[in-house]
Amino acid sequence: MSSPTSHTADLVVFGGTGDLSMRKLLPALFHSDLEGRLAPETRIVAMSRGGLTDADFRGKVDAEVRAAVPDDAVAWQRFLGRLHHVSVDVGGEDKSGWSTVVRMLAGHEDRDRVFYLASPPMTFGPFCRELQEAGLVTPRSRVVLEKPLGRDLVSAQRINDEVGEIFDERQIFRIDHYLGKETVQNLLVLRFANAFLEPIWNSLWIDHVQITAAETVGTPGRRGYYDHAGALRDMVQNHLLQLLTLVAMEPPARNDRESIRDEKVKVLQSLRPIVGGEVDRFTVRGQYTGQGDMPSYLDEPASTPTTEASRRVETFTAIRAEVKNWRWAGVPFYLRTGKRMPYRRSEIVIQFKDVPHSIFPGGTPNRLVLRLQPEEGIELHIMAKEPGAGETMLKPVPLSLSFGKTFTARVPEAYERLLTDVLAGNPTLFMRRDEVEAAWRWIDPILAAWESSAELPEPYPAGTTGPAGAHELLGRSGRAWHEEEA
Ligand code: BG6
């Protein structure tokens, strides 16, 4: 079912010709347009330092985006007509670009204004100040901040303060695209629209939880960013912790913007800190080495040279987390993410405990798998009897829901859903300031311990499931990562 058409809006994307814009935002906006969710007068204004005219920008989008979206010549021409480009020197002396934006938006103060900052986090504060100085911030304005929001708690607080001087919290949309994925939203429905799970969703019944985001890609061309991020900042602080909060949160009183986020933040605040010597015991970091035609992290093509930071950065991490509250005491939450793993798969595995007393040989405990990608679906592994007249033989079999097979509607890309929500002014799926800061508060001691450690990340060959330490992390309590045959 398509959502209603949004109000007429001016959507201004800073970093509008960059990779995110070309690969995610513009295709998502085209889909929204195609399905009638963009108001006829809505405009998309890309800002960059690029010196492009509107025609140049439309040509670039035509060349780079058209092949990735459905072929509909009429809709495509209409979409191109919405696009504009303004060259702006953010933080620089030359204010002429800003005057162009001011002229372009003048007289449209009654429209929704969305400023989407698809740029590095240190630009967020200066950009918001420039917006204010140019008189562009109206009561109907919103600002969207891309992750990563800072590189530790202090920098995140500074950015939040700077942006908060110009925009109210209700106008600030901190995006985490994992929250726009269908299965992630389905997790809330699964938990809170079905009665059977809630009574067993706790430490009495659940042995542990695994949250994995594995990627086959490496980091070619991204060294400049990745050397200073690493898997912990790039994936765990945001995407994986967000998934953890949705698994662990208490049922909210209402499905509204604050009730859900209130419950999520309580989970982040209940995470048991991992500090000092515990960091070695409960966390693992790895870096891929070359294998076959896959180069090592250090040999990936890059526009910046290899430095000490490159040698120390983790392209893989696994962490044993714990949520210290009544529901979850004693249940490990294992988080794992890595580049150059053998498969691309993001999933949440809820591993139930074994039956209290087994009367059949060979049973294995139940497991619920929520797959975010590649194929979105839910599987409940139950024990069944294998047909046969002889002795009862047990076999784990999946009760399986594939979204692709069950629903005929197209599964929208995460950014499509989130942009629709931004245009509708609905912040439920966006991170509140206290959430982001609570996540950093938990991450910071791990970062500090890694940074002061003399050891380098454990090597793992590209195309494998991470360093030995990741397997030991579970193995020492007799557990193992959920792996499937390819
Ligand atoms: C981004 C990270 O936030 O998420 C990337 O910066 C990562 O490093 C990407 O590749 C993964 O997103 P998805 O949707 O492909 O799992």
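Described in the following lines is the structure provided in the data block.

Conventions we followed
For every chain, the first residue of the written sequence is number 1, and numbering continues from 1 onward in sequence order. Selection of residues for local features in this predicted model requires a pLDDT of at least 70, selection of side-chain atom pairs for listing and counting requires 80 or more, and totals for whole chains, interfaces and linings are taken over all residues. The side-chain numbers reported here are obtained from all heavy atoms of the structure, hydrogens and water having been left aside. Among the buried residues, those of types Ala, Val, Leu, Ile, Met, Phe, Trp, Tyr and Cys that are joined through side-chain atoms within 4.5 Å form a nonpolar core. Think of it in three bands: residues with accessible area under 20% of the maximum for their type are buried, residues over 50% are exposed, and the middle band is partly exposed, with areas taken using a 1.4 Å probe on protein chains only. In this description, contact between two residues means that some pair of their heavy atoms is separated by no more than 4.5 Å. Nearness is defined per residue: one heavy atom within 4 Å of the molecule or strand is enough. In protein, a polar contact requires one atom able to donate a hydrogen and another able to accept it; more generally it is a pair of N or O atoms within 3.5 Å, and residues adjacent in sequence count only if both atoms are side-chain atoms. With residues, only the protein chains shown are counted as cover, and all accessible areas are computed by Shrake-Rupley using a 1.4 Å probe. All amino acids are sorted into three groups, where Ala, Val, Leu, Ile, Met, Phe, Trp, Tyr, Cys and Pro are nonpolar, Asp, Glu, Lys and Arg are charged, and the leftover types, Gly among them, are polar. By definition, two strands form a pair when at least two bridges between them are found by DSSP. Under the DSSP-based scheme used, a helix requires at least four consecutive residues in state H or I and a strand at least two consecutive residues in state E, with every element numbered from the N terminus. Here an axis means a line fitted to C-alpha atoms, over the contact stretch when the element is a helix, while the angle between two N-to-C directions is reported on a 0 to 180 degree scale.

Here we come to the nonpolar core. If you look at the biggest cluster of nonpolar residues, it comprises 119 residues, and the most contacted ones within it are Leu26, Tyr116, Leu241, Leu244, Phe333, Ile348 and Trp442. Beyond its immediate chain neighbours, meaning those up to four positions away, Tyr116 contacts Leu11, Val12, Val13, Phe14, Leu20, Leu25, Val144, Glu146, Ile175, Tyr415 and Leu419. Counting 18 residues, the second-largest nonpolar core is a separate cluster that includes Ala214, Val284, Met341 and Ala470.

Here we take up the site of the ligand. Contacts to the ligand come from Lys147, His177, Tyr178, Lys181, Glu215, Arg222, Asp234, Met235, His239, Lys339, Arg344 and Gln373. The separation between an oxygen atom of the ligand and a polar side-chain atom of Tyr178 is 2.6 Å. Interatomic distance of 2.7 Å between a side-chain N/O atom of Lys339 and an oxygen atom of the ligand. About the coverage of the ligand: the protein hides 82% of its 400 Å² of free accessible area. For the shell around the ligand, a count of residues per class yields two nonpolar, three polar and seven charged.

With that settled, the discussion passes to the sheet that holds strand 3 (residues 83-87). Read across the sheet, six strands follow the order 3-2-1-4-5-6 without closing on themselves; strand pairing throughout is parallel. The outermost strands of the open sheet, each flanked by one partner alone, are strand 3 and strand 6 (172-174). Here the strands of the sheet are splayed against their neighbours by 20 degrees on average, with no regard to which way each runs. Here strand 1 (residues 9-14) runs beside strand 2 (residues 43-48); their pairing, made up of five bridges, is parallel. Residue pairing in the sheet places Leu11 in a bridge with Ile44 of strand 2. Strand contacts of helix 5 (residues 124-133): strand 1, strand 2, strand 4 (112-117) and strand 5 (141-145), with the helix running at about 150 degrees to strand 4, the strand carrying the most contacts. Packed onto the sheet, helix 14 (residues 414-424) meets strand 1, strand 4, strand 5 and strand 6 and runs at close to 140 degrees relative to strand 4.

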